[in-house]
Amino acid sequence: MLANSDLFLLDVLVDDLEALDDILRRLNGEASNAWWRTRGKRFERQEVVAGLTRLIKRHWVRTYVPEKVGARLVELPDGVMPAGDYSEAWFGITGAGKIIHAAWEQEASDSGG
């Protein structure tokens, strides 16, 4: 079963690549629609890393890392985790992840949520 927090991560990534710190800022932001408000508590870094790991293993999120030289991001192969504590990596939703996200949005819409 997919955790709501994993769906929240997919939602944050649906439109753009994001670094871990940016993901945390969006989840825990002050906006009225920030996901922490839905679940009633702030997201911790460790749980977001764990969620990203689950989503990468499911091939719903892909990892990008900075080039050794230059400023470009290099896409890692599907299912490959970033090295270290994820602080240098960027994350983006895959086509399969977009399908899961769209189904979740449709379900929420159908149920009035």
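Please refer to the structure placed before this passage.
Residues numbered from 1 in each chain as written. Predicted model: local features only at pLDDT ≥ 70, side-chain atom pairs only at ≥ 80, totals over all residues. Heavy atoms only, no water.

1. What about the overall build of the chain?
Each helix and strand in the chain was counted, giving five helices and four strands. Reading the secondary structure of the chain in the N-to-C direction produces α-β-α-α-α-β-β-β-α. Relative to the compact-globule value of 13 Å for 113 residues, the chain shows a C-alpha radius of gyration of 14 Å, a close match. Oriented by its inertia axes, the alpha-carbon framework of the chain measures out at about 50 × 30 × 20 Å. The proportion of buried residues among the 113 residues of the chain is 38%. (Helix = DSSP H or I, 4+ residues; strand = E, 2+ residues; numbered from the N terminus. Rg over C-alpha atoms; globule rule 2.2 N^0.38 Å. Buried < 20%, exposed > 50% of the residue type's maximum accessible area, 1.4 Å probe, protein only.)

2. With respect to helix 1 (residues 4-13)
Counting buried residues along helix 1, eight of its ten residues qualify, which places the element largely inside the surrounding structure. The complete set of buried residues in helix 1 reads S5, D6, L7, F8, L9, L10, V12 and L13.

3. Focus on the pattern of salt bridges
Note on pairing: side chains with opposite charge can pair once their charged atoms come close. The tally for this structure, following the rule as stated, stands at ten salt bridges. A salt bridge links E47 to R39; the nearest nitrogen and oxygen atoms lie 2.7 Å apart. As a salt-bridge pair, R62 and E75 come within 2.4 Å of each other at their nearest N and O atoms. Taken together, the residues R62 in strand 2 (residues 61-66) and E75 in strand 3 (residues 73-75) connect sequence positions 13 residues apart. Given the relative accessible area of 41%, E75 is considered partly exposed. Salt bridges linked by common partners bring E30, R37 and R42 together as one network. (Salt bridge = Lys/Arg side-chain N within 4 Å of Asp/Glu carboxyl O.)

4. Description of the sheet that holds strand 4 (residues 90-93)
Across the sheet, which stays open at both edges, the four strands sit in the order 1-4-2-3 with antiparallel pairing between neighbours. The open sheet has two edge strands, strand 1 (18-19) and strand 3, and neither has a second partner. Bridge analysis of strand 2 against strand 4 gives four bridges, and the strand direction is antiparallel. For R62, the partnering residue across the bridge sits in strand 4 and is G92. (Pairing = 2+ DSSP bridges.)

5. Comments concerning helix 2 (residues 20-27)
Think of an α-helix as turning once every 3.6 residues; residues three or four places apart then point the same way. Along helix 2, the positions that sit buried rather than exposed are L20, I23, L24 and L27. The arc that holds the buried residues of helix 2, viewed along the axis, is 95 degrees, so those residues lie on one side. The inward-facing, buried residues of helix 2 contact helix 1, strand 1, helix 3 (35-39), helix 4 (45-57) and strand 4. (Arc of directions from axis to C-beta. Contact = heavy atoms within 4.5 Å.)

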